[in-house]
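# Geometric and topological summary
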Number of protein chains: 2
Amino acid sequence: MKIDDINWKILKMLQENSRVALKDLAIEVGLSSPTVAERIQKMEDAGVIASYHAKVDLSKLGYLLGVYITIKIRFGQTERFEEFITTVPEISECHKLTGRDCMLLRGSVRDPKHLEDLNIRLAVYGELTTSLVLNSIMDGKTYDSHF
Amino acid sequence: MKIDDINWKILKMLQENSRVALKDLAIEVGLSSPTVAERIQKMEDAGVIASYHAKVDLSKLGYLLGVYITIKIRFGQTERFEEFITTVPEISECHKLTGRDCMLLRGSVRDPKHLEDLNIRLAVYGELTTSLVLNSIMDGKTYDSHF
DNA sequence: GCTGAAAAGTCCTATAT
DNA sequence: ATATAGGACTTTTCAGC
């Protein structure tokens, strides 16, 4: 799929505000609305635009601590763990990484007590290393060209 | 801010598809469009809804390798690093974590050669540990209630 | 805080270049 | 592959409950 300058401009705007009106996109890129709609459709069909999401700020709902947890899964527990982890509400991401049988988890909890509770539930499946997020310098960047 | 069952339903739908029409939200939750619009506005104002994003699938653009990199920043380089890292196109997230002066980076590259190139650019600022993403079991979950 | 109707605005489809 | 224009639909505004 070819992404020209105009498509990058459209992608940039949709990444920054996915609820932007077609009309405003059209004005910005200097094309008509139907043309922009068609370009978006093609990028959706090609999977370049994967989805449109509202981002919920969990800290505003009382989940003040962000955490990353690595877990070295106990031998033979991988399948059971992968099924289990999708049911844990505190965990928003789970990536299987190279190196030392590691899973990387991202989660949010209310307070240290809540974190301890989460750790206990996870520790069944392997050895944990827990780190608090002190500050997110960047989270969810807008891509606006090839690199 | 109070999130009742109806607001959770709205939040769920907007997380799953942020371009959903107000009309469809209204039908789904059994309220009129103006009421739904008002509820959304209040959640935006309270910051519970932080933003609306289109998610770009970088693998469809040729960036096939996902990576997580931890970097133990060299003494005194933190400020310079934080400024620098926002200018690196391959890196989409940067979190400062507790423990061993660690920054956690998430990135995407075309191939191993591209990864080596990225590592060389980052290694100026500290010691790296690089892991490839083998599989993302979960990435960007939909929250639909308190936990 | 919610509704319903009317006004304003946006989007879609067809037609044309 | 893009533009224009009309009709259809959606969103917003506002009076009333």
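The structure we're discussing is the one just above.
First, a word on scope: everything that follows refers to the structure included in this document.

Calculation notes
- Residues numbered from 1 in each chain as written.
- Chains lettered and ligands numbered in written order.
- Predicted model: local features only at pLDDT ≥ 70, side-chain atom pairs only at ≥ 80, totals over all residues.
- Heavy atoms only, no water.
- Least-squares fit on C-alpha atoms with pLDDT ≥ 70 in both.
- Contact = heavy atoms within 4.5 Å.
- Helix = DSSP H or I, 4+ residues; strand = E, 2+ residues; numbered from the N terminus.
- Buried area = accessible area lost by both parts, 1.4 Å probe.
- Salt bridge = Lys/Arg side-chain N within 4 Å of Asp/Glu carboxyl O.
- Polar contact = N/O pair within 3.5 Å; in protein donor to acceptor, adjacent residues only side chain to side chain.
- Nonpolar A, V, L, I, M, F, W, Y, C, P; charged D, E, K, R; others polar.
- Pairing = 2+ DSSP bridges.
- 1 Å grid on protein atoms, 1.4 Å probe; cavity = no way out; pocket = protein on both sides within 12 Å on 5 of 7 lines; lining within 4 Å.
- Points joined across faces, edges and corners; volume = space filled by probe spheres on them.

## Focus on the relation of the copies chain B and chain A
Superposing chain B onto chain A requires a rotation of 180° together with a translation of 0.0 Å along the rotation axis, leaving an RMSD of 0.0 Å. With respect to symmetry, the two chain copies, as superposed, fit the operation of a two-fold axis. Interface overlap between copies is the fraction of interface residues in one copy that are interface residues in the other; for chain B against chain A it reaches 100%, indicating a shared surface.

## Considerations on the environment of Leu25(A)
Turning to its location among the elements, Leu25(A) is positioned in helix H2 (residues 22-29). If we ignore the near neighbours within four places in the chain, the residues touching Leu25(A) are Ile10(A), Met13(A), Leu14(A), Val20(A), Val36(A) and Ile40(A).

## A few points about the interface of chain B and chain A
Opposite the 62 residues of chain B that make contact, chain A presents 62 residues. Of the roughly 5900 Å² buried between chain B and chain A, counting both surfaces, carbon and sulfur atoms make up 59%. For the chain B face of the interface with chain A, the top three residues by lost area are Arg19(B), Met138(B) and Phe147(B), together amounting to 14%. Our count for the contact surface shared by chain B and chain A stands at 2 salt bridges. A salt bridge links Glu93(A) to Arg106(B); the nearest nitrogen and oxygen atoms lie 3.2 Å apart. At the boundary of chain B and chain A, one finds 48 residue pairs in polar contact (both at pLDDT 80 or more). Sorting the residues of the side of chain B that touches chain A by element identifies helix H1 (5-16), strand E1 (49-56), helix H4 (78-85), strand E3 (91-97), strand E4 (102-109) and strand E5 (126-139) of chain B as the ones contributing at least two each. Here the side of chain B that touches chain A is composed, by residue class, of 32 nonpolar, 17 polar and 13 charged. Both strand E5 (residues 126-139) of chain A and E3(B) contribute to a ladder of 5 bridges, which runs antiparallel. Its bridge partner being in E3(B), Asp139(A) is matched across the sheet by Glu93(B).

## Describing the environment of Ile71(A)
Residues and elements named next belong to chain A. For Ile 71, the position within the fold is in strand E2 (residues 65-73). Residues Ile 71 and Pro 89 lie 18 residues apart in sequence; the distance between their C-alpha atoms is 17 Å. Not counting residues up to four positions away in its chain, the partners in contact with Ile 71 are Phe 81, Asp 101, Cys 102, Met 103, Leu 105, Leu 122, Tyr 125, Gly 126, Glu 127 and Leu 128.

## Some remarks on the layout of surface pockets
Taken as a whole, the second largest pocket holds about 760 Å³ of empty space. Lining of the second largest pocket is provided by 31 residues; of these, Thr70(A), Arg100(A), Thr129(A), Thr70(B) and Arg100(B) occupy positions nearest its centre. Those elements that place two or more of their residues in the lining of the second largest pocket are E2, strand E4 (102-109) and E5 of chain A together with strand E2 (65-73), E4 and E5 of chain B. Broken down by class, the residue content of the lining of the second largest pocket amounts to 14 nonpolar, 11 polar and 6 charged.

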